[in-house]
Every structure is written in C-alpha cells, then in structure tokens.
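# Observations on chain architecture
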Amino acid sequence: MEETRGQNLAEALSRINGVTMLQTGSTISKPVIHGLHGNRVLILNNGVRQEGQQWGSEHAPEIDPFIANRMTVVKGASSLRYGADAIGGAILIEPRPLPTAQATNAEFNTVYFSNNRQYVINGVVEQNVKKLTALSWRLQGTYKRGGNTRTPDYWLHNTGLEEYNYSATVGWRNSRFQSELFFSSFNTKLGIFTGAHIGNLTDLETAINSKRPIQNIDAFSYDIDRPRQEVSHYLVKLRNTFNLTNRRRLNIVLAHQENFRQEYDRALITDRPELDLNIGTTTVDANIENTATVSTTYGVSAMRQQNVWSGSRFFIPNFVVWNLSGYAIAKKSLNPNLNAEAGLRYDFRTMETFRNQNNQVLQENRNFSNISASTLLDYRLGTGKNLLFSGSMAWRAPQVNELYVNGLHHGTANFEIGDPNLKSEVAFIFSSQLKVNIDSSWMVDVTPFARYINGFINLVPSTPPTLTFRGAYPTFRYLQTNAFFTGADIAVTRYFTPLVRANAKASLLWVRDLQAKDWLQQIPSHRFEGEVAYSYRQFHPSENYISLQAVHVTEQTRVPKNNGDYLAPPAAYTLLNMEFATMFHFLEKRLTFGLGIRNLLNTRYRDYMNRFRYFNDEAGRNIVLRLKYRI
C-alpha cells in the first residue's frame, strides 16, 4: 500500500495476485478479479456497498485509497455475505479503528509522479478525547492534480485530472454500546483523450490502424478541456453495535450515498453537460452475531436506489430499484484441524424504468429473485499447511445499461447497444487454496478456481462502427451466452535471509464461450511477476529496502476465430519496475522517503484491457517520489 500511495484504487489493488485493471485511457481504471468486473465485483467502502454509476467501464470507483488502512480482496465463495451479485468477488476498503489511547496522531503524505507531473497532498489527524475517553474522531483530506500523460514517444492531449476528497469520522465506545458516524466526499475532474474521438469513418479506420494518434497535440498541459467527466460522490454512514451478551451483539448500519456524474462531449454544442446522471442510494443492514460454539450471523438488508437522467444525449433511462434480502451464515470448528462455514441468502429485486418514446413516458417493471448459497472447508494439514475448499451459487440481475442503453458512451468513445430481453446471470463457483509455510523461509500459495456462468452478459465489439453527428465510434453490443472460467493464482516467496527475499507470481485465466464453442472476448491474458528485495536495516525492514520487479503480460491469443474486433490484441510486453524506501527520524518523529520507477526501460506497449488501445500506447517511464511524516 505504501508503494501505491497517490494512485487510484484499481492501480493499488492490481498488486494483488489475480487482480488486474480494466482501463479507459491513462487516468480511468477499475479492478478486475479473475476476468470479472463492474457490478460483479462488490466494493465495500468502510462497510458500505459502493453504489454509483459503476456499470460503465470508464466509471472508476469513487473512493480515495488514502482512507484505507487495509484492503482485502475476497475471491471465492466467502464473498456471498456481501451480496448475491458478488460473482467476481468482493473488495473491502477498511480504515483503521479510531484511536482508543489518549493521544493526538497525525500523518502527512506527499507524492509526485514525473510522467504527468502529478502531485498529491494528503493529511490525517485523529484523537481520543482526553476528558471523554469514550469519544474519538478523525479528519482526512487529499488533493491531487496531474497533467497530460506521456507515452515513450508523445504526449496524450487532454488526459489531465484534478481531485479533492475529504472524510470525517466520530465514534463513541463503551462496554455495552458502540456507535460510529462516517462521512466522505469524493470529487474528480478527468480529461478524456481527444485522439479517441474521431470525426468520420475514414479517419476512425486510419486512427485504429495508426501507430500514433492522428489527432493529437503533442505538448504538456494541466488544462482539462472537452471531452471530460466531472464526478462527485458523497457517503454518510451510521453504524450502531449493541452488545446484548458476552457472545451476542446486534449491528445496525444505515447509509445514504449520492453520486453525481456529468459528461461533456468533444463538440461544444451547449455549456451544459451532454449527459447528467444523479443516483441516490439508501441502505439499511441489520444482523445479529453470535460467537458461541457455532458462530452464526443472521441478517436482513434493504436498498432503495433512484437514478435521474438529464442532458441532451440519452444513454440510460430513469429508474427506481428496490432490493430486499435475508441471509444466514454459520461457522463451526468440527475438530482441531477442520473448520467449516456455510451461508444462505435470498434476494428480491424490483426495477421500474421510465423512458420517453414519441413524447410519451414508457414505464416498465421487472422483478428478479433467487437463492444464493456458499460453503467453505478449511483443513489444517500440519504445521504451516492449510487447504481450503469453497463452492457457491450466486446470481446477478441485468443492469439498466445492459438492458436499455442505446447511444454514445463518450468516456470510452464507444457506441453501446443493450438488449431488453437479457435474463439474470446464475453462477456456480468453485475454488481451492493450498497455503504452505516452511520454516518461515518458503511460502507457497496456490489457488485454482472454476466458474460456470449461465447467461453471462458480455459487451463485445460489433462491426461496422456507428456514425453520429458527434463523430464516428466503434460499436459494442451486450450479448448473453454461457461461459466457463478456469484458472489459477500462484505465488511463491523465498526468504534467503530475514532481509533478502524473492517472490514469483502467476495469474492464469482461460474463458470459453460454451454456446459458440470458442473463446470469450474482452478477457485478461496470462500475467507473470517476479521480484527480488533487500532490506538493509534490521529495524522496520518494510520501510528500509530496495527491490527490482519484472512484469510479463502475454499476448491474448485466446480470442474467437471470427473475432469481430476492430484491432487484433496487442503483442506481449515486459516491464521493469524499481522501488526504494528508507525511514529516519526528523524532529524526533518518523519520516519515510520512497522512490519508485515504473516502466524503468520506457517500454512502448499496449494493453488488451485498455479500451483506448485502439488509439494510443500506454504511459512511459514514471518516477514516483513519496514522503510520509508521522506525528
């Protein structure tokens, strides 16, 4: 996490094996777990499901990673507890607990990125009130600003960003009752690369087949022009915990979120945004936890969500969604070497949409419901050896955009078409995990997995492109099929001495379209990583080290025979990265300095999971300077 300070959430999470990124240009990315993303991956921000316009591939999670003290990726069946639609898994963004010791703590971070000359400033102050020890509070804020991204050969015009975020937490704690009130605000302004917005079909074909953007101002600037996005997200959460007995407690979480998204096309037709979306979500979750011989959790949750669309360009209709669910989870130690966990969940979702057709409001109601279930066995094979088996059935209702979208998605520079006849996805998920720790010098983690998804909804390229009065754009359609995902995450770490280590990771993935009896499109390729690190001080070795990392991403050759894509998958590439950190005392407080170099050799490459691979290369060498001062 220290090495990823100042980066967005997806960039930080991509350090975890099995997690990659779906990118739209150089500034927008969202996490992908085992080839699945969007609404199939649940993100919980401080215990609350993140609910924004997350259906878009260029709608990055509106979360400031500086909030987090811990990030957890739940890849297997255990993600069921967070929602029935966690087919891909769950990501938990958790701040550290409020302080209980009577002191005032502060931390200040600054980060500078050379590639786009981005600077980041962050501060956190927290306190346990001296005269009222049950009361604690925390304030946090971040500001970042970056300019155009530089590839090895040219600048990407209009790829700057500006972001400011802040949060506040206050908590009360005693032996019988705990309460915490949390508020956060996330605000960002993002430029969209102008070279991805083409005026006519001939120029679009030329741009896709060109090694350099055909429409590009090759210069650095902090200016953010059209096309651009402006996004704000607000979250307020109240969590109350009542300790009913020594072994049983009641948790009640109330939360409300407001997400505002404005998108401006390249052509200046009006000063107003061409797409203006506002989605509000209210959730309540109540559960009772019992930590007896059989640890149980019984809970109910409800959600109401309303989306309002305005602007000159239609993309998705207005809608109101209600979701009601009940769940039960039980854990038991069957013997000293075997633990078991099982869960059952039922969800009912109703969706009401409102569309304007021929000056008449067309209203449509759709209902979805199903049962989800999961089970997990954790077997201790011996000292330092654990074997886990998990299996689950999960489901996901189609989203409004998958059903009704019909128009230009300006952020991805695509024209997207939905299908109102889509059915729910139903997934059967199986995984296992072998973890071995030998004398604290060898650590091995092997996680094979398999997913069968009936009715998998995929956004795939569709030729020919679409010509609109705003320009020419590649066309993508939502299609439904049956898909089978299989692969493995492998990690091996070797400590030669307590201060010298090497580790290797592999993330392997194969996905078949069972109906077409072919490969599935838009799936990450295999990824391999290796690292050697040396800690040059016995004290705080995690803050005094130097490391060299190599990342190799293979060419995605597993694509359909009749690909239908506008451009063949890019070639394989290998990147070298370096990290250095040192900690020393300044004014009797701890100051940590970090230096990172990403893409050390300034390699020219394109990534298959970047929607703008049609138009431009990825970022070139990036030198990152970090300072952290703790008081």
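Computed from a predicted structure; not experimentally measured.

### Brief notes about the pairing of strand β31 (residues 573-586)
Judged from the 9 bridges that link them, strand β30 (residues 545-553) and β31 form a sheet pairing that is antiparallel. For His552, the partnering residue across the bridge sits in β31 and is Thr574. Relative to strand β32 (residues 589-598), β31 runs antiparallel, the two sharing 9 bridges. Each residue of the ladder has a partner; that of Phe580, found in β32, is Leu595. Linking β31 to β32, which pair antiparallel, is a turn of 2 residues; within it Leu587 sits at a positive phi near 55°.

### Considering the packing of aromatic side chains
Tallied over the entire structure, the rule returns 14 aromatic pairs. On the basis of an interplanar angle of 20° and a centroid distance of 6.4 Å, the ring pair of Phe428 and Tyr452 is categorised as stacked. Residue Phe428 is located in strand β24 (residues 425-438), and its partner Tyr452 is located in strand β25 (residues 442-468); the two are separated by 24 residues in the primary sequence. Classification of Phe428 as partly exposed rests on a relative accessible area of 31%. For Tyr452, a relative accessible area of 27% gives the class partly exposed. Seen in terms of ring centroids, Phe586 and Tyr629 are 6.0 Å apart; in terms of plane orientation they differ by 65°. Their pairing is edge-to-face. In this pair, Phe586 sits in strand β31 while Tyr629 sits in strand β33 (residues 622-630), placing the two residues 43 residues apart along the sequence. Residue Tyr629 is classed as buried on the basis of its relative accessible area of 17%. Taken together, the ring pairs connect Tyr566, Phe612, Tyr614 and Phe615 into an aromatic cluster.

### A short note on empty space enclosed by the protein
Scanning the entire structure with this criterion turns up 13 cavities of 30 Å³ or more. Space inside the second largest cavity adds up to approximately 300 Å³. Lining the second largest cavity we find 26 residues, and of these His37, Arg40, Glu402, Leu459 and Tyr478 sit closest to its centre. Of all the secondary-structure elements, those providing two or more residues to the lining of the second largest cavity are α3 (400-404) and β25. Sort the elements by how many residues they give to the lining of the second largest cavity and β25 lands first, with 4 residues. For the lining of the second largest cavity, the residue count by class is 8 nonpolar, 12 polar and 6 charged.

### As for the sheet that holds strand β5 (residues 70-74)
The strand order across the open sheet built from 4 strands is β4-β3-β6-β5, with neighbouring strands paired in mixed fashion. Only two strands of the sheet have a single neighbouring strand rather than two, namely β4 (48-49) and β5. Where β5 and strand β6 (residues 89-94) come together, 5 bridges link them in antiparallel fashion. Directly across from Arg70, in β6, lies its bridge partner Glu94.

### Focus on the confidence of the model for the chain
Predicted confidence across the chain gives a mean pLDDT of 91, with 98% of residues reaching 70 or more. The element-level mean pLDDT for the chain is lowest in strand β22 (residues 406-409), coming to 76, with strand β9 (residues 135-146) highest at 97.

### Structural notes on the pattern of salt bridges
Counted according to the given criterion, the structure contains 31 salt bridges. Of the charged contacts in the structure, one is a salt bridge between Glu3 and Arg15, with a shortest N-O distance of 2.7 Å. Of this pair, Glu3 sits in the segment before α1 (9-13) while Arg15 sits in the loop between α1 and β1 (19-24), placing them 12 residues apart in sequence. The salt bridge partner of Glu529 is Arg527, with a shortest N-O separation of 3.1 Å. The exposure class assigned to Arg527 is partly exposed, which follows from its relative accessible area of 22%. Connected through salt bridges with shared partners, the residues Glu3, Arg15, Glu579, Arg598 and Arg626 form a single ionic network.

Procedures and definitions
- Residues numbered from 1 in each chain as written.
- Predicted model: local features only at pLDDT ≥ 70, side-chain atom pairs only at ≥ 80, totals over all residues.
- Heavy atoms only, no water.
- Pairing = 2+ DSSP bridges.
- Helix = DSSP H or I, 4+ residues; strand = E, 2+ residues; numbered from the N terminus.
- Phe/Tyr/Trp six-rings, centres within 6.5 Å; stacked < 30°, edge-to-face > 60°.
- Buried < 20%, exposed > 50% of the residue type's maximum accessible area, 1.4 Å probe, protein only.
- 1 Å grid on protein atoms, 1.4 Å probe; cavity = no way out; pocket = protein on both sides within 12 Å on 5 of 7 lines; lining within 4 Å.
- Points joined across faces, edges and corners; volume = space filled by probe spheres on them.
- Nonpolar A, V, L, I, M, F, W, Y, C, P; charged D, E, K, R; others polar.
- pLDDT = per-residue confidence, 0-100.
- Salt bridge = Lys/Arg side-chain N within 4 Å of Asp/Glu carboxyl O.

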